[in-house]
Amino acid sequence: MARLKNLIENEHGVPPLRGGHSLCQGCGIPIVVRTVLSSLPGPAVIVNATGCLEVATTRYPTTAWNVPWLHVAFENTAAVASGIESAQRALRRRHALPEGQEISIVAFAGDGGTYDIGLQALSGALERGHKFLFVCYDNEAYMNTGVQRSGATPFGTRTTTSPPGAESFGKAQRRKDMTAIAVSHHIPYVAQGVASHWDDLSRKVERAAAVQGPSFLNVLTDCPVGWGHEPRTTRTVLDTAVDTHFWPLYEVADGAYTLNYEPEHQLPIEKWLEHQSRFAHLLKPENRGHVEEIQAQVDADWNDLQARCAST
Amino acid sequence: MTAELLTGGEAIAHGMRQGQPDVVPVYPITPQTPIIQVFSKFVSDGRSHAELVDVESEHSAMSAAIGAALAGARTMTATSSQGLALMAEVVYIAASMRAPIAMAIGNRALSGPINIHCDHSDSMLIRDSGIVQLFAENAQEAYDLMVMAPRIAEHPDVLLPVAVCLDGFTITHAAEPVELLPDDVVATFVGEYHVPHPMLEVSSPTTRGPFAMPDYYYYELRHAQGVALRNALDVFIDVAAEFEALSGRRYEPVQSYRLDGAERVLIALGSTAGTIKDAVDELRDEGEAVGLLRITPFRPLPMDEIRAALAGAQRVIVLDRADSPGGVAPLGAEIAATLYGSECELERHVYGLGGRDLGVADVRAIFAGGTPDHFGVREHSWPA
Ligand SMILES: Cc1ncc(C[n+]2csc(CCOP(=O)(O)OP(=O)(O)O)c2C)c(N)n1
Ligand code: SF4
Ligand SMILES: [Mg+2]
């Protein structure tokens with residue numbers, strides 16, 4: 001439990017992200033941010049995409065950040081991080097920074113700022129090989145603008161732009177596999193985590209921070225408002241995503257896949273669907289077929305992941 | 001000092017190199033490409049120690065530039081046309097975040113139809129972004145202004161992006177004799193890069209780019225940014241005076257060309273001024289009281305200087321190389337506002353869109369009067 005001790009120590013005194021922000025009750029985003037920042041070996045500069053995290057922590061002239069923090073726009077977080085990393089290299093070369101001080105550059109973006117509008121800038125930055133950590137806090141929709149569907153929104157989900165109705169069962173398309181997209185950039189470290197498995201996430205941050213080059217963490221986190229669950233159930237809802245195999249925890253280090261957590265018993269997908277009102281319509285009898293489709297997708301993806309882990 | 005035969009693009013690249021940038025994010029587009037190609041070679045040859053960041057778009061070029069400039073690194077970039085349109089969102093943010101980025105714009109028409117040749121519609125698209133815009137008349141001026149750009153951008157009373165605008169092809173690609181200052185002279189002139197609270201100074205963390213509400217701050221921050229942009233005019237004048245001491249070349253907010261006793265005065269930005277000067281010389285020889293007023297900083301607009309220079313004019317003719325469909329073309333509108341209440345007559349023409357040439361004969365025709373608003377539009381665009 002050395003990691004737990006470190007996390008507690010880092011939260012004492014001057015925590016990187018302090019309380020007093022206006023993220024909603026039960027929102028998993030601050031859990032992700034604090035776990036990530038408290039798991040880094042040294043100082044960090046944060047780049048944040050437009051979204052709930054940015055809006056709820058930096059209402060001028062107040063701030064919840066005790067670390068250097070920068071927001072430019074929605075879609076360019078990875079590009080801004082590229083600029084800071086290039087600046088660090090240039091300044092280091094001409095000895096304009098304290099010797100021996102390694103500063104982590106960490107980008108935080110929601111799923112919209114990662115899977116969709118931020119994908120081009122992210123892809124470019126990964127391909128160029130900047131040394132930075134990109135953390136997608138994936139709550140599966142555009143929450144800040146009022147729960148619109150994104151490329152990360154799962155098949156069948158109700159959002160305000162994919163409302164179920166006479167002609168619709170919710171979002172008609174599957175979510176894209178952003179983790180696989182990151183892997184295909186041949187970067188040294190990619191992993192999937194979840195806000196509720198803080199120890200797994202913390203270890204992944206340590207690994208990510210240690211590589212020479214880009215690293216990408218895709219972290220599932222909840223939104224009680226957009227998902228429609230009780231704020232106090234954040235942890236259990238997120239755990240269910242893992243225990244149903246909907247959101248496997250795995251990592252890809254230099255191309256080698258490792259499954260980091262295998263639930264003792266796989267829960268049926270209904271367990272993931274039943275405590276969130278965004279899925280309520282799917283549990284009606286007429287949508288039974290769609291639930292079976294989701295279960296089949298989850299199982300196929302899981303088998304595919306198992307095969308990758310076995311073969312690398 | 002000896003002159004070298006350089007294109008405007010090459011001259012800009014030398015100005016960038018001598019300004020010793022730390023970070024240069026770039027993305028290619030005609031007619032900016034020669035600038036970044038020449039600069040890339042400087043880096044490969046060890047003549048510049050900049051981190052060249054080959055980004056995947058102009059949006060990312062400006063985004064990376066903001067990150068680098070605020071992190072504590074001198075940062076430069078260059079673009080044109082669609083590239084500037086794509087980066088426009090972040091140009092506004094660069095100005096509001098007070099990122100002192102020095103950049104070059106090889107002016108080119110905006111699509112559509114797609115066209116790679118010169119007009120000023122790209123620069124005018126970001127007219128209200130809050131950045132400084134300096135228009136060069138030729139390759140020498142492009143170089144000189146590029147050398148001055150970081151000094152203006154990084155001045156503590158300014159801290160804004162500065163764009164040197166040079167006409168696509170006419171300046172970017174045409175070779176002219178250009179006098180370069182020695183590297184060490186420029187290095188001393190631009191000095192070290194300083195911004196308040198660089199992000200990489202982790203011991204004194206700051207929150208940059210927060211959001212501001214209507215009740216407080218947003219308006220006040222925008223106002224402060226406007227004041228900084230106005231300050232850039234005095235800073236330009238001071239920096240130009242220092243530059244003159246080094247180079248012998250004089251730069252003023254407005255350049256008056258044969259305005260003594262001029263009754264009819266043309267106003268223009270950029271390379272067209274060269275053509276106008278030839279026409280003015282001819283007409284003066286023929287005894288006509290004509291002159292030229294060329295404006296170097298379009299932002300901030302030197303309104304007092306323009307009014308003073310035009311005090312004796314009876315007729316002012318503004319040439320706009322950008323249109324504002326359904327409204328008034330930008331330079332014409334600005335000059336009308338500047339001269340509001342004066343006695344002189346005002347005439348406005350849009351010309352040269354998409355690279356259409358304006359020759360000495362055209363300028364003479366404009367001085368003669370009776371020409372249409374959109375000067376140079378053919379009745380039949382299909383050759384018979
Ligand atoms: C270019 C641009 N388009 C749209 C928006 C509006 N916008 C702001 S935040 C946001 C959604 C963010 O979604 P996500 O990245 O998933 O983060 P979350 O809100 O879920 O935290 C949108 C659409 C914007 N700010 N900029
Ligand atoms: S709307 Fe959702 S994601 Fe945004 S702060 Fe509230 S709970 Fe968090
Ligand atoms: Mg989201």
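All values derive from a computational prediction rather than experimental measurement.

J.: Please clarify how the overall build of chain B should be interpreted in this entry.
T.: Per the secondary structure count, chain B includes twelve helices and 15 strands. Relative to a compact globule of 384 residues, whose C-alpha radius of gyration would be 21 Å, chain B shows 21 Å and is just as compact. Taken over the C-alpha atoms alone, chain B extends approximately 65 × 55 × 50 Å along its principal axes. Every one of the 384 residues in chain B was classed for burial, and the buried ones make up 57%. For chain B, the exposed surface amounts to about 15,000 Å²; the carbon and sulfur share of it is 51%. Distance between charge centres in chain B, computed from 26 positive and 51 negative side chains, equals 2 Å.

J.: Please explain the coordination of the magnesium ion (ligand 3) as it appears in this structure.
T.: Metal coordination angles have textbook ideals: 109.5 degrees for a tetrahedral set of four donors and 90 or 180 degrees for an octahedral set of six. Residues and elements named next belong to chain A. Ligation of the magnesium ion (ligand 3) by protein atoms is provided by Asp 111 (OD), Asn 139 (OD1) and Ala 141 (O), these donors lying 2.0 to 2.2 Å from the ion. Mapped onto the polypeptide sequence, the residues donating to the magnesium ion (ligand 3) form the spacing pattern D-x27-N-x1-A. Of the two residues, Asp 111 sits in the loop between β3 (104-110) and α5 (112-116) while Asn 139 sits in the loop between β4 (133-138) and α7 (178-183), which places them 28 residues apart along the sequence. Taken as a pair, Asp 111 and Asn 139 share a single burial class, namely buried.

J.: What's the story with the site of ligand 2 in this structure? I'm lost.
T.: The environment of ligand 2 is made up of Leu 23, Cys 24, Cys 27, Ile 29, Cys 52, Asn 139, Met 143, Cys 223 and Pro 224 of chain A. For the shell around ligand 2, the per-class residue count stands at eight nonpolar, one polar and no charged.

J.: How should the domain arrangement of chain B be read in this particular structure?
T.: Much of the literature gives interface size as the accessible area that the parts lose upon coming together. All names here are of chain B. Partitioning chain B into domains gives domain 1 (3-247) and domain 2 (254-382). Measuring from the centre of the C-alpha atoms in domain 1 to the corresponding centre in domain 2 gives 27 Å. Taken together, the contacts link 28 residues of domain 1 with 27 residues of domain 2. Both sides of the domain 1 and domain 2 interface together cover about 2,100 Å² of buried area, and 59% of this is carbon and sulfur. Counting the surface domain 1 buries against domain 2, the share from its top three residues, Arg 127, Phe 135 and Glu 137, is 29%. On the surface where domain 1 and domain 2 come into contact, there are five salt bridges. Arg 127 serves as the salt-bridge partner of Glu 334, at 3.3 Å between the closest nitrogen and oxygen. One can count 13 residue pairs in polar contact (both at pLDDT 80 or more) joining domain 1 with domain 2. Elements with a minimum of two residues in the side of domain 1 that touches domain 2: α5 (121-125), β6 (132-135), α6 (139-153) and α8 (218-247). Top element by residues in the side of domain 1 that touches domain 2 is α8. It accounts for six residues. Taken together, the residues of the side of domain 1 that touches domain 2 break down into 15 nonpolar, six polar and seven charged.

J.: Would you mind showing me how to read the packing of aromatic side chains here?
T.: Inspection of the entire model under this criterion finds 14 aromatic pairs over all chains. Arranged with centres 5.2 Å apart and planes meeting at 55°, the rings of Phe 155 of chain A and Phe 169 of chain A form a pair that is tilted. Here Phe 155 of chain A, found in the loop between β4 and α7, pairs with Phe 169 of chain A, found in the loop between β4 and α7; they are 14 residues apart in sequence, far enough to count as distant. Comparing Phe 155 of chain A with Phe 169 of chain A, the two get one shared label, buried. Ring centres 6.4 Å apart and planes at 85° place the aromatic pair Phe 135 of chain B and Phe 298 of chain B in the edge-to-face group. Here Phe 298 of chain B lies in strand β13 (residues 297-299) and Phe 135 of chain B lies in strand β6, a separation of 163 residues in the sequence. The two residues Phe 135 of chain B and Phe 298 of chain B agree in class, both being buried. Taking the ring centre of Trp 227 of chain A as reference, the NZ or CZ of Arg 278 of chain A above it sits at 4.1 Å.

J.: Could you clarify how one ought to interpret helix α12 (residues 360-368) of chain B in this entry?
T.: Because an α-helix packs 3.6 residues into every turn, residues spaced three or four apart end up facing the same way. Residues and elements named next belong to chain B. What α12 keeps buried is the set Val 363, Ile 366 and Phe 367. For α12, the angular spread of the buried residues around the axis is 100°, confining them to a single face. Turned more than 90 degrees away from the buried face of α12, the exposed residues are Ala 361 and Ala 368. Looking at the packing, one finds that the buried side of α12 touches β11 (264-268), α9 (272-285), β12 (290-295), β14 (315-320) and β15 (345-350). One or two steps after α12, the chain reaches Gly 369, where phi turns positive at roughly 95°.

J.: Honestly, the site of ligand 1 in this entry has me stumped. Any pointers?
T.: Residue and element names in this part refer to chain A. By nearness alone, 18 residues border ligand 1, and Gly 112, Gly 113, Tyr 137, Ala 141 and Asn 144 come closest of all. The separation between an oxygen atom of ligand 1 and a polar side-chain atom of Asp 111 is 3.0 Å. One nitrogen or oxygen atom from the side chain of Asn 139 is found 3.0 Å from an oxygen atom belonging to ligand 1. Split into classes, the residues belonging to the shell around ligand 1 amount to seven nonpolar, eight polar and three charged.

J.: Even after reading the chapter, I still don't get the interface of chain B and chain A, so can you show me in this structure?
T.: Tallying the contact residues gives 40 residues for chain B and 41 residues for chain A. Among the residues of chain B in contact with chain A, Glu 51, Leu 200 and Phe 211 of chain B are the three that bury the most area, contributing 21% of the side total. Between chain B and chain A we count four salt bridges in total. Linking chain B with chain A are 15 residue pairs in polar contact (both at pLDDT 80 or more). The leading source of residues in the side of chain B that touches chain A is helix α3 (residues 58-71) of chain B, at nine residues. Taken together, the residues of the side of chain B that touches chain A sort by class into 23 nonpolar, ten polar and seven charged. Alignment of strand β2 (residues 69-71) of chain A against strand β9 (residues 207-208) of chain B, held across two bridges, turns out to be parallel. Residue pairing in the sheet places Trp 69 of chain A in a bridge with Thr 207 of chain B of β9 of chain B.

What counts and what doesn't
Counting restarts for each chain, with residues numbered from 1 along the sequence as it is written. Chains and ligands are labelled sequentially in the order written, the chains with letters from A and the ligands with numbers from 1. In keeping with the predicted nature of the model, local features appear solely for residues at pLDDT of at least 70, side-chain atom pairs appear and are counted solely at 80 or more, and the whole-chain, interface and lining totals rest on all residues. Calculated side-chain values reflect all of the structure's heavy atoms, with hydrogen atoms and water omitted. What counts as a helix is a DSSP run of H or I of at least four residues, what counts as a strand is a run of E of at least two, and both are numbered from the N terminus. Atoms counted for the radius of gyration: C-alpha only. Globule rule: 2.2 Å times the number of residues to the power 0.38. Burial here depends on accessible area, computed with a 1.4 Å probe over protein chains only, as a share of the maximum for the residue type. Under 20% is buried, over 50% is exposed, and the range in between is partly exposed. Per-residue and other accessible areas follow the Shrake-Rupley method at a 1.4 Å probe size, with only the shown protein chains counted as cover for residues. Note on charges: Lys and Arg go in the positive column, Asp and Glu in the negative column, and His and the chain ends are not counted at all. Taken as the charge centre is NZ of Lys, CZ of Arg, CG of Asp or CD of Glu, depending on the residue. Donor atoms: N, O and S within 2.8 Å of the metal, or within 3.2 Å for Na, K and Ca. Because water is excluded, sites can look incomplete. Only a single heavy atom is needed: when it lies within 4 Å of a molecule or strand, its residue is near that molecule or strand. Ten residues, namely Ala, Val, Leu, Ile, Met, Phe, Trp, Tyr, Cys and Pro, are considered nonpolar, four, namely Asp, Glu, Lys and Arg, are considered charged, and the remaining ones, Gly among them, are considered polar. An automatic or database domain assignment is the source of the domain bounds shown. In this description, contact between two residues means that some pair of their heavy atoms is separated by no more than 4.5 Å. Here the quantity called buried area is the accessible surface, traced with a 1.4 Å probe, that two parts lose on coming together, added over both. Counted as salt bridges are all cases of a side-chain nitrogen of Lys or Arg within 4 Å of a carboxyl oxygen of Asp or Glu. For the purposes of these results, a polar contact is taken to be a pair of N or O atoms within 3.5 Å, where, inside protein, one atom must be able to donate a hydrogen and its partner to accept one; residues adjacent in sequence count only when each atom of the pair is a side-chain atom. In this analysis, rings of Phe, Tyr and Trp, with Trp reduced to its six-membered ring, are considered paired at centre separations within 6.5 Å, and the interplanar angle assigns stacked below 30 degrees, edge-to-face beyond 60, and tilted for intermediate values. Placement of a charge over a ring requires the Lys NZ or Arg CZ to be within 6 Å of the ring centre, with the centre-to-atom vector within 35 degrees of the ring normal. The arc in question is the one traced by the directions running from the helix axis out to the C-beta atoms. One requirement defines pairing of two strands: DSSP has to find at least two bridges between them.

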